[in-house]
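Topology and contacts: notes
Residue-level listing of the chains:
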Amino acid sequence: MFHRIGLALILLAGLVLPAAAQTGLPALPHPAGVRLYVLDCGTIISNLPENFGLTKDEAGNTNFSDPCFLVMHPKGILLFDTGLPDSHVGRPIYEDMMGREGILKFTTLTGELANIGVTPAMITWLAISHSHWDHVGNADAFAGSTWLARKAEYDFMFGPSANKQALPNYSALEHAPHIRFIDGDYDVFDDGSVVLLSTPGHSPGHQSLYVKLAHTGGVVISGDLYHYSAERRLGRVPPREQGGLTPASRRKVEDFLKANHAQLWIGHAIDWYATAIKAPGWYD
Ligand SMILES: [Zn+2]
């Protein structure tokens, strides 16, 4: 009797829980509103604050957090940036130098996604702030999603200026089956809640991400418009970007923050990251 009931329950569970049972992951949340997750996509060991117009004292902790961001919206899921390559997990820093900076990675992006019930195939939209190596490390895993791309960045990624070390991690995007080229500020779900803001300068097609949340309020994720909190506080621009479009993009975002009563998250700023709620927790 006991066994029959047990068997019936197992069969029933198989019938009513297909999504969780098939993937072996926690059940995918279906929030009524917008949710924003901060995913651990690695750390960059760096000590070159002068490249960002700062002294070591001004910068404080000179290492960089390197998060990815996931937006869960009733109409789909957006992944913003893919971080440092999962292949670096557990390897010593000296093996993983990118120039004079080292990669430190404890967890995979696919693992971070799995913690919240998401597989790469469930990602509706892929967007990257830009194509530098620390933001495209796992991009190929999402080549089946619809990539919201900017032509200027696309040309930068696949033209002669492409970073040869990073290219193998995003090469599948060149001929991805679903590319949507976007211009200006792009409203992803057509309801004003998730907007890709055009902020060129750090790279030709650099963009930031605005997310409007019911409880948290508006958030702009900077991408590499800023790296250190001190750049914003002290009004410093990286020397190599002073003659370009970064100052205008920063003014645009600062105006946007004021107009929308939004806060700025600088993903690379380790002082912000230390206090951020990380996945599987979320902001809503
Ligand atoms: Zn970066």
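In what follows, the structure referred to is the one given above.
Residues numbered from 1 in each chain as written. Predicted model: local features only at pLDDT ≥ 70, side-chain atom pairs only at ≥ 80, totals over all residues. Heavy atoms only, no water.

Counting secondary structure elements, the protein chain contains 9 helices and 15 strands. Its C-alpha atoms give the protein chain a radius of gyration of 20 Å, near enough to 19 Å, the size a compact globule of 284 residues would have. The principal-axis extents of the C-alpha atoms in the protein chain amount to approximately 75 × 45 × 40 Å. Evaluated residue by residue, the protein chain yields a buried proportion of 51% over its 284 residues. In the protein chain, once contacts between residues fewer than 6 apart in sequence are set aside, the share between residues at least 24 apart is 69%. About 13,000 Å² of surface is accessible on the protein chain, with carbon and sulfur atoms providing 59% of the total. Between the mean site of the 21 positive side-chain charges and the mean site of the 28 negative ones, the protein chain shows a separation of 3 Å. (Helix = DSSP H or I, 4+ residues; strand = E, 2+ residues; numbered from the N terminus. Rg over C-alpha atoms; globule rule 2.2 N^0.38 Å. Buried < 20%, exposed > 50% of the residue type's maximum accessible area, 1.4 Å probe, protein only. Contact = heavy atoms within 4.5 Å. Areas by Shrake-Rupley, 256 points an atom, 1.4 Å probe, with all protein chains shown as cover. Lys, Arg positive; Asp, Glu negative; His and termini not counted. Charge placed at Lys NZ, Arg CZ, Asp CG, Glu CD.)

Our next topic: the coordination of the zinc ion. Surrounding the zinc ion are the protein donor atoms D134 (OD), H135 (NE2), D224 (OD) and H268 (NE2), at 2.1 Å. In this structure, the zinc ion is coordinated by 4 donor atoms arranged in irregular fashion, with angles at the metal of 88 to 157°. Every donor residue of the zinc ion comes from the same chain, spaced as D-H-x88-D-x43-H. Considered together, D134 and H135 belong to a single accessibility category, that of buried residues. (Donors = N, O, S within 2.8 Å, 3.2 Å for Na, K, Ca; no water. Tetrahedral: all angles 85-135°; square planar, octahedral: opposite > 155°, others 65-115°.)

Let us now look at the pairing of strand β12 (residues 194-198). Of all 5 residues in β12, 5 are buried; the element is thus mostly enclosed. Judged by which residues are buried, β12 turns out to be covered on both faces: V194, L196 and S198 on one side and V195 and L197 on the other are all buried. Relative to β12, strand β11 (residues 186-187) runs antiparallel, the two sharing 2 bridges. Across the sheet, residue Y186 finds its bridge partner in β12, namely L196. Linking β11 to β12, which pair antiparallel, is a turn of 6 residues; within it D190 sits at a positive phi near 60°. Sheet topology note: the β12/strand β13 (residues 207-213) ladder contains 5 bridges and is antiparallel. Bridging across to β13, S198 finds its partner in Q207. (Pairing = 2+ DSSP bridges.)

As a further point, take the environment of G218. Following the sequence through the fold, G218 ends up in strand β14 (residues 217-221). Apart from residues lying up to four places away in sequence, G218 is in contact with Y210, V211, K212, H261, A262 and Q263.

This brings us to the pairing of β13. Of all 7 residues in β13, 6 are buried, a share of seventy percent or more. Relative to β14, β13 runs antiparallel, the two being bridged by 5 bridges. Counterpart to V211 in the pairing with β14 is V219. Between the end of β13 and the start of β14, which pair antiparallel, lie 3 residues.

This part covers the pattern of salt bridges. Summed over all chains, the structure comprises 8 salt bridges. Put simply, K56 and E50 hold a salt bridge, and the shortest N to O gap is 3.8 Å. In this structure K56 comes out as partly exposed when scored by relative accessible area, which is 42%. (Salt bridge = Lys/Arg side-chain N within 4 Å of Asp/Glu carboxyl O.)

Now for the packing of aromatic side chains. In this structure the tally under the stated criterion is 14 aromatic pairs. Each ring, one from W147 and one from Y154, has its centre 5.9 Å from the other, and the planes form 35°; the classification is tilted. Residue classification places Y154 among the buried positions, given a relative accessible area of 15%. Judged by centre distance (4.9 Å) and plane angle (55°), the ring pair of Y154 and F158 falls under tilted. Highlighted residues: Y154 and F158, both in helix α5 (residues 151-158), separated by 4 residues, approximately one helical turn. Under the relative-accessibility criterion, F158 is labelled buried at 19%. Taken together, the aromatic side chains of F69, W265, W272, Y273 and Y283 make up a single cluster linked through ring pairs. Between R35 and the ring centre of W282, over which it is positioned, the NZ or CZ distance is 3.5 Å. Sitting over the face of the ring of F52, R240 holds its NZ or CZ atom 5.7 Å from the ring centroid. (Phe/Tyr/Trp six-rings, centres within 6.5 Å; stacked < 30°, edge-to-face > 60°. Lys NZ or Arg CZ within 6 Å of the ring centre and 35° of its normal.)

By themselves, these figures tell us nothing about what the structure is for.
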